[in-house]
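A structural walkthrough
What follows is each chain in one-letter form.
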Amino acid sequence: MDTLAKLQILSGAARYDASCASSGSRREGAPPGGTGNTSQSGICHSWSDDGRCISLLKLLLSNDCRYDCAYCVNRVSNQVPRASFTARDVVDLTLEFYRRNYIEGLFLSSAVMQSPDQTMERMVRVAETLRIEERFGGYIHMKIIPGCSSELVRRAGLYADRISVNIELPSQASLQRLAPQKEKAAILEPMALIGREIQESLVERKKIRSAPRFAPAGQSTQMIIGASPETDFQILRLSQGLYKKMNLKRVYYSAYVPVSDDNRLPVLAAPPLLREHRLYQADWLLRFYGFSAEEILSDDAPHLDESFDPKTAWALRHPEFFPVEINRADYATLLRVPGIGVTSAKRIVAARRFSLITPEGMKKIGVVMKRAKYFITCSGRPFEKTDRQPALIRQQLLLGEGSDLMSPRQLVLPGLYV
Amino acid sequence: MKRYICDGTSDGLLSAIASILEEEPKPEEVTLSAREDTLFEEGLFIATDTVRAEDLFSRLKERAPDAAHTIYFLMLAEKEGMENSLLHYIEQAFMHGDKVNGYLTHPAVRDIVTVSRKAARELHRMKGLLRFEKLRDGAYLAQMEPDHNIIQPLAYHFSRRLRAQHWFLYDRKRRTAASWNQGSLRFGTIEQFTAPALSDDEKKIQAMWQAFFKTIAIPDRKNPRLQKSNMPMKYWKYLTEKQGE
Ligand code: SF4
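What counts as what
- Residues numbered from 1 in each chain as written.
- Chains lettered and ligands numbered in written order.
- Predicted model: local features only at pLDDT ≥ 70, side-chain atom pairs only at ≥ 80, totals over all residues.
- Heavy atoms only, no water.
- Helix = DSSP H or I, 4+ residues; strand = E, 2+ residues; numbered from the N terminus.
- Rg over C-alpha atoms; globule rule 2.2 N^0.38 Å.
- Buried < 20%, exposed > 50% of the residue type's maximum accessible area, 1.4 Å probe, protein only.
- Near = heavy atom within 4 Å.
- 1 Å grid on protein atoms, 1.4 Å probe; cavity = no way out; pocket = protein on both sides within 12 Å on 5 of 7 lines; lining within 4 Å.
- Sits in = over half its atoms within 2 Å of the grid points.
- Nonpolar A, V, L, I, M, F, W, Y, C, P; charged D, E, K, R; others polar.
- Pairing = 2+ DSSP bridges.
- Axes fitted to C-alpha atoms, helices over the stretch in contact; angles between N-to-C directions.
- UniProt positions renumbered as here; feature names shortened; annotations may be inferred.
- Salt bridge = Lys/Arg side-chain N within 4 Å of Asp/Glu carboxyl O.
- Contact = heavy atoms within 4.5 Å.
- Phe/Tyr/Trp six-rings, centres within 6.5 Å; stacked < 30°, edge-to-face > 60°.
- Lys NZ or Arg CZ within 6 Å of the ring centre and 35° of its normal.

Re the overall build of chain A
The number of helices and strands found in chain A is 15 helices and 11 strands. Taking 2.2 N^0.38 as the reference for a compact globule, 418 residues should give roughly 22 Å; the C-alpha atoms of chain A span a radius of gyration of 23 Å, in line with that estimate. The C-alpha extent of chain A, read off along each of the three principal axes, is 70 × 55 × 40 Å. For chain A, the residues scored as buried account for 59% of the 418 residues in total.

Here you go:
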């Protein structure tokens, strides 16, 4: 099989992996005689037909899997064309693409070939060849194959900018049912190991600047949404734990795309894109807006609202918090206003150092008022003549353009931010 | 209201601003524009003085480095009619230091910051969207037609990234070029451009990238609108993956 044919099979098999971020790592300038550096903020090189950012050459080393995870196209029981790259194939492709500025670097994952160790060994060889032989300084993101030895995890972390172990499904019960060959421990242990190694390397590098770096862009994970029965509340609490306890940089959510008529899986007419979109929004609230999972959802209301983004939904449940006075509220409070994001909140704080902000001023500094206007005052004056009845606001938001019902246009996909 | 005029160059502009800020007791009450080719000049002409212009810029760099950065990008934007806004922006920058960029309710500040941001955004975009092709002699060439004159910072970016290869950037709109070879970066103009022959395996590599681009999209999630809003069509002309679609 020639490289082109392999590439078609093995990039097609990798496309359901959501992570594509190339940010968070800084390798200044290419290594002597070599090629490539990384950019702290990440760079998108193209956008594919589904509108997602292409930053990395995303590949499986092989799709020839021994395992039989129900939700996966590559499962052993599925009839699909199989292919495997040699380490050299991947190294050459990465370099040729990088030199033409098609990509920021490589994202390498794989199906389980003969064994987790044998597979991981070959993946590490790719990274090793790129970094040592070819002096490649671009971005490398590597997946850890659950069940491989901790020695291989350590080696991967020395060459890669980011490593990740996919948590796959939001609960152990679902994992057992849908991915019987994968064990929870085989997923969580390497995650904990990576977390410790990252910490240690940071401490070491404070003492000795030349100490080896371990996955400088941190670790991320991914889970599939809609292939198993967990609620959004369970999912968000899991993510919250991963951010807080495991120090993860990102959790990615991937709407389950039906690839199998296995009867253990739900029958879906289409991938649950709106749900995925809402989860990303809620995830942002956890990471950047100071919300906790328990504020966003509860056991009584365990699912994210379909009509409203999670922040608006929270605001409608908490009329006592509003209106927020634009000229006085602190940054954290501004961030809780629907329609005011990190950029707007920062601009408001920066602009009011100079003078009180008027309603026109809000427009001038570029704050979009569509949703915000129902929740704020400007020097005591309301923007809208509303009596602030949540029911009425709810209706106005739904009727007006304030609602973003089903507009995955706004999908905030991994890319530019963090 | 007092009116001043200067010649259209950036040095002319900066020296006029330096002179106004030094000599006018109330600079917020004067206006500045570029000289136009009309018979009647309305306003006082301030002659270009390179030393004075440089002095102003280096003082600004010290007092408000972010503002100096903003002005750098403003210059790349090559937008006409910004003289008056720039005068008042710089005046505010000396007053408030780097906080000035937050003063978006001030019309001049907003003007300058908006235009400058656009240039910075295009630079960031082009860092990703620029495409090199390998030529027969082993060098690499990338062509572009950006809205802003970003070749200098762009070349600087690639000089740190693609250090081991010999490459050229060519801005077809402005006929300017940058070249990098063995550690030296040079800028120039190319009046007569003829596309050089490609290396033998170039089409093969391009075909692989095109194949990757197609297969990496999830068919159930096609979204051409999102694709176009992230990657405006004006950039497709030189995108390898968008050729022959
Ligand atoms: S191990 Fe990975 S590639 Fe193999 S079936 Fe499971 S999810 Fe798919």
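That shown, we press on.
Digging into the site of the ligand
Residue and element names in this part refer to chain A. Within the structure, the ligand sits among Cys-65, Tyr-67, Cys-69, Cys-72, Asn-74, Arg-75, Ala-111, Val-112 and Lys-182. Counting atoms within 2 Å of the grid points, the majority share of the ligand lands in the largest cavity. The class makeup of the residues in the shell around the ligand is six nonpolar, one polar and two charged.

With respect to the sheet that holds strand E8 (residues 184–189) of chain B
Note on sheets: strands pair through backbone hydrogen bonds, and any given pair is parallel or antiparallel. Residue and element names in this part refer to chain B. Here we have five strands laid out as an open sheet, ordered E4-E5-E6-E7-E8, and mixed in their pairing. Only two strands of the sheet have a single partner each, and these edge strands are strand E4 (132–134) and E8. Within this sheet the neighbouring strands show an average axis-to-axis angle of 20°, counted without direction. Where E4 meets strand E5 (residues 140–144), three bridges bridge the pair, whose relative direction is antiparallel. Counterpart to Phe-132 in the pairing with E5 is Ala-142.

Examining the UniProt feature "domain: DUF4130" (unreviewed entry) in chain B
As recorded in UniProt, the feature "domain: DUF4130" (unreviewed entry) lies at residues 81–241 of chain B. A helix fraction of 43% and a strand fraction of 16% characterise residues 81–241 of chain B, whose end C-alpha atoms lie 38 Å from each other.

Looking at the pattern of salt bridges
Oppositely charged side chains may form a pair once their charged atoms are brought near each other. Enumeration over the complete set of coordinates arrives at 34 salt bridges over all chains. A salt bridge links Asp50(A) to Arg52(A); its shortest N-O distance comes to 3.2 Å. Across this residue pair, the class does not change: Asp50(A) and Arg52(A) are buried. The closest approach of N and O atoms between Lys234(B) and Asp147(B), which form a salt bridge, is 2.7 Å. Of this pair, Lys234(B) sits in the segment after helix H8 (224–230) while Asp147(B) sits in the loop between E5 and helix H6 (151–161); the two residues are 87 residues apart in sequence, bridging distant segments of the chain. The exposed category is assigned to Lys234(B), whose relative accessible area is 51%. The class for Asp147(B) is partly exposed, based on a relative accessible area of 36%. Connected via shared salt-bridge partners are Glu22(B), Glu23(B), Arg52(B), Asp55(B) and Arg59(B).

So, the environment of Pro65(B)
All names here are of chain B. Mapped onto the secondary structure, Pro-65 falls in helix H3 (residues 65–77). The class for Pro-65 is partly exposed, based on a relative accessible area of 44%. In the structure, Pro-65 is positioned 53 residues away from Lys-118 in sequence and 19 Å away in space, judged by C-alpha atoms. For Pro-65, the contacting residues outside a window of four places in its chain are Leu-60 and Asp-98.

Considering the environment of Glu29(B)
Summarising the element assignment, Glu29(B) is placed in the loop between helix H1 (10–23) and strand E2 (30–34). It is 6.3 Å that separates the C-alpha atoms of Glu29(B) and Met1(B), two residues lying 28 residues apart in sequence.

Regarding the packing of aromatic side chains
As enumerated under the stated definition, the model contains 19 aromatic pairs over all chains in all. Between Phe321(A) and Phe322(A), the aromatic rings sit 5.2 Å apart at their centres with planes inclined by 70°, giving edge-to-face as the arrangement. Phe322(A) sits in the buried class, given a relative accessible area of 11%. Note on Phe354(A) and Tyr103(B): the rings are 4.0 Å apart at their centroids and 0° apart in plane angle, and the pair reads as stacked. Residue Phe354(A) is found in the loop between helix H12 (342–351) and helix H13 (359–364), and its partner Tyr103(B) is found in the loop between helix H4 (83–96) and helix H5 (107–129); the two belong to separate chains. Like Tyr103(B), Phe354(A) is buried. Taken together through their ring pairs, the aromatic side chains of Phe291(A), Trp314(A), Phe321(A), Phe322(A) and Phe375(A) make up a single cluster. For the cation-ring pair, Lys58(A) lies above Phe107(A), with the distance from its terminal atom to the ring centre recorded as 5.8 Å. When the ring centre of Phe233(A) is taken as origin, the NZ or CZ atom of Arg237(A), which lies over that ring, is 4.1 Å away.

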